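What the coordinates show
The residues making up each chain are set out below.
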Amino acid sequence: VRGVLPGRFGGLDDLVTLMGSSGLKWHRSPIVGLTAGPDGLIDRDDVVIVKVNAQWSQRGGTNTDVLRGILRRIVEHPDGFVGEIIVADNGQGSGSLDRAENNAEDHGQSPQDVVNDFAAEGWSVSTRLWDAFRTVSVGEYVSGNATDGYVVSSSLDPETAIRVSYPKFQSPCGACISYKYGIWDPVSATYDRNRLVV
């Protein structure tokens, strides 16, 4: 597997090629190719959450070279990527997307640094640390609640005996996201599940 390359990660390129040759296309597009097709994973206008591990520093965190490779492959959509990417995590109160010590060839390269590089290229890419609202219990957008927080089930899951919860938040670029239902459109008062990719 190839490693760090200028502006990308060779191992991720190899993975996307392998996926495509096995029938799982990275990009959803009418243009059919090795890594794109009508049944692909990511459309040109999707909101993509790249959920990393931001709870731990150094090798405990997601490799930011791989993160760079993932973002590069998303924005290289054959139809032109016009969507949004959010690099996010709930670090359980100790998370950081901008640590000094990171899991990368360059230990100083944080997830925030990678995101800043893509934003400087003009892409709608941002970070969102869910720690800021991890203890805030909220309702869904459809109920009129626009507050960032976690939607917590009122009943216990019969199989796990826990209350299922998920984040609901507005991205720095303005998308209203329900982790469960998709992208909220306040004008039509509907969710679009197909536009949210995790």
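Before reading on, note that the structure itself is shown above.
None of the values given here were measured: they were computed from a predicted structure.

A word on the overall build of the protein. On a plain count of helices and strands, the protein comes out with 3 helices and 13 strands. Structurally, the protein occupies a C-alpha span of about 45 × 40 × 35 Å along its principal axes. Evaluated residue by residue, the protein yields a buried proportion of 43% over its 198 residues. For the protein, restricting intrachain contacts to residue pairs at least 6 apart in sequence, the fraction spanning at least 24 positions comes to 56%.

Under the counting rule described, the total for this entry stands at 7 aromatic pairs. Both rings, one in Trp184 and one in Tyr191, keep their centres 4.8 Å apart while their planes meet at 55°; by these two values the pair is tilted. For Trp184, a relative accessible area of 11% gives the class buried. Residue Tyr191 is classed as partly exposed on the basis of its relative accessible area of 23%. Cluster of aromatic residues (ring-pair linked, three or more members): Trp130, Phe133, Tyr150, Phe169 and Tyr179. The cationic tip of Lys168 hangs over the ring face of Tyr141; the distance from NZ or CZ to the ring centre is 4.4 Å.

What follows deals with the environment of Arg134. Mapped onto the elements of the fold, Arg134 is located in the loop between β7 (125-129) and β8 (149-152). For the pair Arg134 and Asn53, spaced 81 residues apart in the sequence, the C-alpha separation amounts to 15 Å. Excluding anything up to four places from it in sequence, Arg134 contacts Asn90, Gln92, Gly93 and Tyr150.

This part is about the pairing of strand β9 (residues 165-170). For β8 and β9, the ladder comprises 4 bridges, and the chain directions are antiparallel. Bridging across to β9, Val152 finds its partner in Ser165. Of the pairings in the sheet, the one linking β9 to strand β10 (residues 176-178) comprises 3 bridges and is antiparallel in character. Looking at the pairing, Gln170 lines up with Cys176 of β10. Between the antiparallel neighbours β9 and β10 lie 5 residues, among them Gly174 with a positive phi of about 110°.

Our next topic: the pairing of strand β5 (residues 47-51). The buried fraction of β5 is high, at 4 of 5 residues. Pairing of β5 with strand β6 (residues 84-89), which is carried by 5 bridges, proceeds in the parallel orientation. Pairing of Val47 across the sheet is with Glu84, part of β6. You can see the chain leave β5, run along helix α2 (residues 64-75) and come back into β6, and the turn it takes is right-handed. The sheet contact formed by β5 and strand β13 (residues 196-197) spans 2 bridges and is parallel. Residue pairing in the sheet places Val47 in a bridge with Leu196 of β13.

Before going further, it helps to examine the sheet that holds β7. Reading across from one edge, β7-β6-β5-β13 is the order of the 4 strands in this open sheet, with parallel pairing throughout. Every interior strand has two partners, whereas the edge strands, β7 and β13, have only one. Pairing of β6 with β7, which is carried by 5 bridges, proceeds in the parallel orientation. Among the inter-strand pairings, Ile86 is bridged to a residue of β7, identified as Ser126. Here helix α3 (residues 111-120) sits on the sheet and contacts β6 and β7; the angle it forms with β7, its principal contact strand, is near 150°.

Parameters and conventions
Throughout this document, residue positions are counted from 1 along each chain, in the order its sequence is written. With pLDDT at 70 or above as the cut-off, local features in this predicted model cover only qualifying residues; side-chain atom pairs require 80 or more to be listed or tallied, and sums for whole chains, interfaces and linings still use all residues. Calculated side-chain values reflect all of the structure's heavy atoms, with hydrogen atoms and water omitted. Elements are defined by DSSP. Helices are runs of H or I of four residues or more, strands are runs of E of two residues or more, and each kind is numbered from the N terminus. Burial here depends on accessible area, computed with a 1.4 Å probe over protein chains only, as a share of the maximum for the residue type. Under 20% is buried, over 50% is exposed, and the range in between is partly exposed. Residues are treated as being in contact if the distance between any of their heavy atoms lies within 4.5 Å. We call Phe, Tyr and Trp rings a pair once their centres come within 6.5 Å, taking the six-membered ring for Trp, and we label the pair stacked below 30 degrees between planes, edge-to-face above 60, and tilted otherwise. In this scheme, Lys NZ or Arg CZ marks a charge over a ring once it lies within 6 Å of the ring centre and within 35 degrees of the ring normal. Following DSSP output, two strands are said to pair if at least two bridges run between them. Here the term right-handed applies to a crossover when the path leading from its first strand over the helix to its second strand runs clockwise, the strands being oriented away from the viewer. To get an axis, fit a line to the C-alpha atoms, keeping to the stretch in contact for a helix; angles then go from 0 to 180 degrees between the N-to-C directions.

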